[in-house]
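Next come the chains, spelled out residue by residue.
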Amino acid sequence: MGALTDKYCIVGVGETQFMKASHRTPLSMACEAVKKAMDDAGLTPREVDAITSFQIADSTDVTNVAQALGIRMNYGSVAFSGGSTTEALVAHSIGLIEGGYCNTVAIFRSMNGRTGRRMGGQAPGGVVPPSRAEGDAQFYMPWGFTTPAQHFAPSAMRYLRDFGASTRSFGEVAAAFRYHASLNPKALMRAPITIEDHQRSRWVAKPFRLLDCCLETDVASAFIVTSRERAFDLRQPPVFIMGGSARTYADNPAWNHSRPRTYIQAGNFARQRAWGMAGIRPDDIDVLSIYDAFTYTVILQLEAYGFCGIGEAAEFVKDGRLRIDHQLPTNLSGGHLSEGYAHGVALVNEVVRQLRHRADDACPGWAEGRHTYDRAAGCRQVRDARFGASLGWGTETRGSSLILRSISA
Amino acid sequence: MPGPIDYSKINIIPDQDTTEWWEGTKRHKLLVRQCKNCGHKWFPPFPACAKCTSMDLTWFETSGKGVLHSYVVVTQPILAAFVSAVPYVVGLVELDDCHEPDGSLTRVAGVMMDDEDAVAIGLPCQVVFEPTADPNFVMPRWKISGTAQNTWKFKE
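Keep in mind that what you see is a predicted model, and the values were worked out from it rather than measured.

Description of the pairing of strand β8 (residues 124-131) of chain B
Residue and element names in this part refer to chain B.
Here comes step 1: Where strand β5 (residues 65-74) and β8 come together, three bridges link them in antiparallel fashion. In the sheet register, valine 67 faces β8, and the bridge partner there is proline 124.
Here comes step 2: Examined bridge by bridge, β8 and strand β9 (residues 138-144) share seven bridges and lie antiparallel to one another. The partner of valine 127 across the bridge, within β9, is tryptophan 142.
Here comes step 3: Linking β8 to β9, which pair antiparallel, is a turn of six residues.

Observations regarding the packing of aromatic side chains
Residue and element names in this part refer to chain A.
Here comes step 1: Enumeration over the complete set of coordinates arrives at 26 aromatic pairs over all chains.
Here comes step 2: Ring centres of phenylalanine 152 and phenylalanine 294 lie 5.6 Å apart, and the angle between their planes is 85 degrees; this geometry places the pair in the edge-to-face category. Residue phenylalanine 152 is found in helix α4 (residues 148-163), and its partner phenylalanine 294 is found in the loop between β10 (287-290) and α9 (295-304); the two are separated by 142 residues along the sequence. Just as phenylalanine 152 is buried, phenylalanine 294 falls in that class too.
Here comes step 3: Seen in terms of ring centroids, phenylalanine 208 and tyrosine 296 are 6.1 Å apart; in terms of plane orientation they differ by 40 degrees. Their pairing is tilted. In this pair, phenylalanine 208 is assigned in strand β7 (residues 208-209) and tyrosine 296 in helix α9, connecting sequence segments 88 residues apart.

As for the environment of Ile5(B)
Residue and element names in this part refer to chain B.
Here comes step 1: Secondary-structure assignment places isoleucine 5 in the segment before β1 (10-12).
Here comes step 2: Sequence separation of isoleucine 5 and glutamate 116 is 111 residues, and the distance between their C-alpha atoms is 17 Å.
Here comes step 3: In contact with isoleucine 5, not counting residues within four places along its chain, are Ala81, Phe82, Ala85, Val111 and Arg141.

A few points about the side chain of Arg33(B)
Residue and element names in this part refer to chain B.
Here comes step 1: Inspection of the secondary structure puts arginine 33 in strand β2 (residues 31-35).
Here comes step 2: In terms of polar contacts, arginine 33 uses its side chain to reach the backbone carbonyl oxygen of threonine 58, at 3.1 Å.
Here comes step 3: Every residue in contact with arginine 33, bar those within four places of it in the chain, is listed here: Glu20, His40, Lys41, Trp42, Pro45, Phe46, Leu57, Thr58 and Trp59.

Re the pairing of strand β3 (residues 75-79) of chain A
Residue and element names in this part refer to chain A.
Here comes step 1: Sheet analysis places strand β2 (residues 50-54) next to β3, joined by five bridges and oriented parallel. The residue of β3 that forms the bridge with phenylalanine 54 is alanine 79.
Here comes step 2: Viewed along the sheet, the connection from β2 through helix α2 (residues 62-69) into β3 turns out right-handed.

Re unusual backbone geometry
Here comes step 1: That bond from Phe43(B) to Pro44(B) is cis: its omega, -5 degrees, falls within 30 degrees of zero.
Here comes step 2: Residue position: Pro44(B) is located in the loop between β3 (41-42) and β4 (57-61).
Here comes step 3: Even without being glycine, His343(A) reaches a positive phi, approximately 55 degrees.
Here comes step 4: Here His343(A) is to be found in the loop between α11 (335-338) and α12 (345-356).
Here comes step 5: Phi at His357(A) is positive, roughly 65 degrees, even though this residue is not glycine.

A few points about the pattern of salt bridges
Residue and element names in this part refer to chain A.
Here comes step 1: Scanning all chains against the criterion turns up 31 salt bridges over all chains.
Here comes step 2: For the salt bridge of glutamate 15 with arginine 353, the shortest nitrogen-to-oxygen distance reads 2.9 Å. Separated by 338 residues along the polypeptide, glutamate 15 in strand β1 (residues 8-15) and arginine 353 in helix α12 bring together distant segments of the chain.
Here comes step 3: For the salt bridge of arginine 132 with glutamate 134, the shortest nitrogen-to-oxygen distance reads 3.1 Å.
Here comes step 4: One network of salt bridges, with partners in common, ties together Glu15, Lys186, Glu339, Glu350, Arg353, Asp360 and Arg380.

Looking at the interface of chain B and chain A
Here comes step 1: Taken residue by residue, the interface counts 47 residues in chain B and 45 residues in chain A.
Here comes step 2: One can count 22 residue pairs in polar contact (both at pLDDT 80 or more) joining chain B with chain A.
Here comes step 3: Looking at the side of chain B that touches chain A, the elements with two or more residues in it are β1, α1 (19-26), β5, β6 (88-95), β7 (107-111) and β9 of chain B.
Here comes step 4: Here the side of chain B that touches chain A is composed, by residue class, of 33 nonpolar, nine polar and five charged.
Here comes step 5: Across three bridges, the pairing between strand β5 (residues 131-133) of chain A and β1(B) is parallel. Directly across from Ala133(A), in β1(B), lies its bridge partner Ile12(B).

A short note on the sheet that holds β10(A)
Residues and elements named next belong to chain A.
Here comes step 1: Taken together, nine strands build an open sheet; the order of strands is β3-β2-β4-β8-β1-β9-β12-β11-β10 and the sheet is mixed. Edge positions in the sheet fall to β3 and β10, since each of these pairs with one other strand and no more. Neighbouring strand axes in the sheet, compared pairwise and without regard to direction, differ in orientation by 20 degrees on average.
Here comes step 2: Packing against the sheet, helix α1 (residues 26-41) makes contact with β1, β4 (104-112) and β8 (218-227), and its axis sits at approximately 130 degrees to β1.
Here comes step 3: Its contacts with the sheet put α12 on β1, β2, β4, β8, β9 (239-249), β10, β11 (387-393) and β12 (398-405), and the angle it makes with β1 is roughly 115 degrees.

Some details on the sheet that holds β3(B)
Residues and elements named next belong to chain B.
Here comes step 1: Taken in spatial order, the three strands line up as β3-β2-β4 in an open sheet, and their pairing is antiparallel. Each end of this open sheet is capped by a strand with a single partner; those strands are β3 and β4.
Here comes step 2: Where β2 and β4 come together, five bridges link them in antiparallel fashion. Following the sheet pairing, cysteine 35 is matched in β4 by leucine 57.
Here comes step 3: This element, α1, spans β2 and β4 of the sheet and lies at about 135 degrees to β2.

Overview of the environment of Gly369(A)
All names here are of chain A.
Here comes step 1: Within the secondary structure, glycine 369 sits in the loop between α12 and β11.
Here comes step 2: Since its relative accessible area comes to 26%, glycine 369 is described here as partly exposed.
Here comes step 3: With 172 residues separating them along the chain, glycine 369 and aspartate 197 place their C-alpha atoms 35 Å apart.
Here comes step 4: Those residues within four positions of glycine 369 in sequence are excluded, and the remaining contacts are His357 and Arg358.

Rules of the game
- Residues numbered from 1 in each chain as written.
- Chains lettered and ligands numbered in written order.
- Predicted model: local features only at pLDDT ≥ 70, side-chain atom pairs only at ≥ 80, totals over all residues.
- Heavy atoms only, no water.
- Pairing = 2+ DSSP bridges.
- Helix = DSSP H or I, 4+ residues; strand = E, 2+ residues; numbered from the N terminus.
- Phe/Tyr/Trp six-rings, centres within 6.5 Å; stacked < 30°, edge-to-face > 60°.
- Buried < 20%, exposed > 50% of the residue type's maximum accessible area, 1.4 Å probe, protein only.
- Contact = heavy atoms within 4.5 Å.
- Polar contact = N/O pair within 3.5 Å; in protein donor to acceptor, adjacent residues only side chain to side chain.
- Right-handed = clockwise from strand over helix to strand, strands pointing away.
- Salt bridge = Lys/Arg side-chain N within 4 Å of Asp/Glu carboxyl O.
- Nonpolar A, V, L, I, M, F, W, Y, C, P; charged D, E, K, R; others polar.
- Axes fitted to C-alpha atoms, helices over the stretch in contact; angles between N-to-C directions.

Have a look at this one:
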């Protein structure tokens, strides 16, 4: 167990709609997400005294959000980093509160990820205009090697070769998460898909097809961290933070391509710390979120965090194992692949809602924790969900994790 | 062979750590960084040795030969420079003369001269220096240079 296990909680969650074109500023969306998270928790702006966010490409500053919502911050900052920062900011928050620097921290990510500045640098209308290749980019941009899909593809090729795996395993992941999205009224893509649909979708960067890639989304998503003492006074059942890892790196972080086996993801360097701090094991997890920038990133993280062995995940995901009512219900919101891409924050929100037993599904009583568990009627609450985790990905060489429990665990 | 790449649409900004590397490509040399203290080699040219922390560095001129470790086939252009080039293959080439006794190795990426059907993991590669419209920049690319056993090709 960690020194601070169960001493801090996630008490509020909120987000805007997941949109293809928001026609709004990231500032406006951030305010809505933070306001909804405060309302969800039953917190006033006077009771929130810190805001953190992170950005690459599109974003807004915490200062403007605080100003707009009337929050006086004892701490405010924006980290310059991408996927895997969500869980890292939880660790920052715990340290700041424990140290007495602030009391209650709102964490958000806001971006017009489709109509503003897109990941990989594309302009809203398509290809990138003439661009500057500086720093590390000197050694990939002139080689037409810039987007996340392009960067992760060589590792995926090598994985398929070394383990004799098929991209049908990627299709299993895509289809499972899309099924969950069909149970999530917030999700952008809700029409169920099959593995064959995945196999027929167009190539983006081989071995990745369109249905291997997450959505590009205009959205803001937020949640709030505070101490357990305060959490018990608030509106929702607290969700306790058991442990995790805060943006852990593999070796050769800046030139992943010279690591002997590029598919040995950063989680392999973090999992003993994370599970050790939490005092539980992968087997104990009832609801899981995995940063699904691509279907393939799910494969690597299942292995890295010990849900199966290295090279085993392509087999592990077969037969719907990641689906609700199966062994390891994963990305119950639909994830980045089907709900929408909020850079990891919304993945945490889903685990929190599941652990409260308040998944916001089609059940009329969801807000009071009354669920039918009838999937045909649109219920996506996992029965008796007690332990959950969110795994963050920021390339093969960096990753984060957050292990949570419900009040009944 | 992939279509032409319009390098004029990429503005390369060499810095103090990389200028000599780009100068090397103009003289058709594929350089990697090397530590004068312990001999370690690496790429890209970060300014310190990850094995011994020495910052007393030199350049090692590789043979420009290696083996294709992996690759991606880019079918959707993202950069304006590559609109006419798709589909193209970016290869990750493991350099023959940068293997070290402790297992560390150096891979350099680049656009293959070959089309997808000629490319397979395990095949030998040779660097090719491609002039650009700007005399200050010569671009290293890779071509398949022979055959090998136990190669692997993506076939889905």
